[in-house]
Amino acid sequence: MPRVTIVIPTKNEGRTLQEVIEGVRPYADEILVVDGHSTDDTRRIALELGARVELDGGRGKGDGIRTAIEKAKGDILLFTDADGSHEPSDIPKLLAPILRDEADLVIGSRGRGGSDEAYGTIADFMRNTGGHVILLAINYRFGVRLTDSQNGFRAIRADVARQLGLREDLTTIEQEMLIRCLKLGYRVLEVPSHEYKRRHGQSRINLWKVSHIYVWSVLKNIW
Ligand SMILES: Nc1nc2c(ncn2[C@@H]2O[C@H](COP(=O)(O)OP(=O)(O)OP(=O)(O)O)[C@@H](O)[C@H]2O)c(=O)[nH]1
Ligand SMILES: [Mg+2]
């Protein structure tokens, strides 16, 4: 059986990390918490619960994902956020197409599974609209019909992840991973997954500050 590393990127998620680690444990051969230099008790909690902890290079979530891809011991990497947004019981659905050798990357789709975070405010509307424009670009460029290019809840074969040459430092790494897979001809599937609201704290993403970074990242990676 292929071994599964569950990767949890963290930055100051001490309030939700225990629940997340306990939720994913049944599905993991290795739990790798890749930490962006948290200043709370995130790393202590992870170690106490028996997770492996690695520090990223301090440049953002993308840096954390790249660090995890380099250091994980598993044959399949499953990424899930530390803020309680993702449903651990969906993990087998994400792993199954890779285990059946029908996919190399499987993304949990909020387009198919719904989201408690995506609707209701102007910021949500802007984020959705931006997300749809990015999806249109990806779908027409590669002749696919995907519904979520951004979700961090996803599984990928470790050897494939290492061949992608990912470079993005921020959450733009999610779309970069997808685009690189499509470009290199890897098999990409989606499964429905519902996104919950982050349990504690405010969204850390300032839409106005990052929107141009997303647009530039798509243009750069897609063509
Ligand atoms: N390793 C690492 N992880 C990070 C970094 N920044 C954020 N994360 C983690 O990446 C995951 C996603 O970040 P979030 O802040 O939840 O991003 P989001 O889900 O798009 O936005 P909100 O939940 O609305 O804040 C969380 O588990 C964070 O703790 C970082 O610099 N390094
Ligand atoms: Mg979140």
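Residues numbered from 1 in each chain as written. Chains lettered and ligands numbered in written order. Predicted model: local features only at pLDDT ≥ 70, side-chain atom pairs only at ≥ 80, totals over all residues. Heavy atoms only, no water.

Caption draft 1: Structural detail: the pairing of strand β1 (residues 4–10). Taking burial as the measure, the 7 residues of β1 include 7 buried ones, the bulk of the element. Residues V4, I6, I8 and T10 point to one face of β1 and T5, V7 and P9 to the other, with burial holding for every one of them. Relative to strand β4 (residues 76–79), β1 is paired through 4 bridges, and the arrangement is parallel. Residue pairing in the sheet places V4 in a bridge with I76 of β4. One ladder, built from 6 bridges, connects β1 with strand β2 (residues 30–35); its direction is parallel. By the bridge assignment for β2, T10 is matched with D35. (Buried < 20%, exposed > 50% of the residue type's maximum accessible area, 1.4 Å probe, protein only. Helix = DSSP H or I, 4+ residues; strand = E, 2+ residues; numbered from the N terminus. Pairing = 2+ DSSP bridges.)

Caption draft 2: Just the sheet that holds β1, in detail. The strand order across the open sheet formed by 7 strands is β3-β2-β1-β4-β6-β5-β7, and the pairing between neighbours is mixed. Each of the sheet's edge strands pairs with one partner strand only, and the pair in question is β3 (52–55) and β7 (188–192). Looking at each pair of strands side by side, their axes are set apart by 20° on average, direction ignored. Note: strand β5 (residues 105–109) against strand β6 (residues 154–157), 3 bridges, orientation antiparallel. (Axes fitted to C-alpha atoms, helices over the stretch in contact; angles between N-to-C directions.)

Caption draft 3: Examining the site of ligand 1 more closely. Contacts to ligand 1 come from 19 residues, most closely from P9, E13, D56, D83 and R198. The contact in question runs from a nitrogen atom of ligand 1 to an N or O atom on the backbone of G36, over 3.4 Å. Take A82: an N or O atom from its main chain is 2.8 Å from an oxygen atom of ligand 1. Burial of ligand 1 by the surrounding chains reaches 90%, relative to a free accessible area of 620 Å². (Near = heavy atom within 4 Å. Polar contact = N/O pair within 3.5 Å; in protein donor to acceptor, adjacent residues only side chain to side chain. Areas by Shrake-Rupley, 256 points an atom, 1.4 Å probe, with all protein chains shown as cover.)

Caption draft 4: Main features of unusual backbone geometry. Positive phi, normally seen in glycine, also occurs at N12, with a value near 55°. Relative to the elements of secondary structure, N12 occurs in the loop between β1 and α1 (17–24). Assessed through its relative accessible area of 27%, N12 is described here as partly exposed. Notably, D101 is not glycine yet its phi reads approximately 60°, a positive angle. With respect to the helices, strands and loops of the structure, D101 is situated in the loop between α4 (91–99) and β5.

Caption draft 5: Structural context of the environment of R110. Checked against the element boundaries, R110 lands in helix α5 (residues 110–113). Along the sequence, R110 and Y214 sit 104 residues apart, while their C-alpha atoms lie 19 Å from each other. Polar side-chain contacts of R110 include one of 3.2 Å to the side chain of E195.

Caption draft 6: Focus on the packing of helix α6 (residues 122–142) against helix α9 (residues 207–222). For the pair α6 and α9, interaxial distance at closest approach is 11 Å and the crossing angle is 0°. On the basis of the axis angle, α6 is roughly parallel to α9. Note on element contacts: α9 touches α6 through L207, W208, Y214, V218 and I222, opposite A123, M126, R127, I134, A137, I138, R141 and F142. A class-by-class count of the residues in the contact of α6 with α9 yields 11 nonpolar, no polar and 2 charged. (Parallel < 35°, antiparallel > 145°, perpendicular 65-115°, else oblique. Contact = heavy atoms within 4.5 Å. Nonpolar A, V, L, I, M, F, W, Y, C, P; charged D, E, K, R; others polar.)

Caption draft 7: Region of interest: the nonpolar core. With 33 residues, the main nonpolar core has F79, I156 and M177 as its most contacted residues. Residue assignment for this core shows that the elements contributing at least two residues are β2, α3 (61–71), β4, β5, α6, α7 (158–163), α8 (173–183) and α9. It is α8 that contributes the most residues to this core, 6 residues altogether. V4, I31, L95 and A103 belong to the second-largest nonpolar core, a separate cluster that totals 26 residues. (Core = buried A, V, L, I, M, F, W, Y, C linked by side-chain atoms within 4.5 Å.)

Caption draft 8: The pattern of salt bridges, seen in detail. This structure, assessed with the given rule, holds 24 salt bridges. Here R66 ties to D169 by a salt bridge, and the two come within 2.2 Å at their closest N and O atoms. Of this pair, R66 sits in helix α3 while D169 sits in the loop between α7 and α8, placing them 103 residues apart in sequence. With relative accessibility at 22%, the residue R66 sits in the partly exposed group. A salt bridge links R187 to D104; its shortest N-O distance comes to 3.0 Å. Note that R187 is positioned in the loop between α8 and β7 and D104 in the loop between α4 and β5, a separation of 83 residues in sequence. (Salt bridge = Lys/Arg side-chain N within 4 Å of Asp/Glu carboxyl O.)

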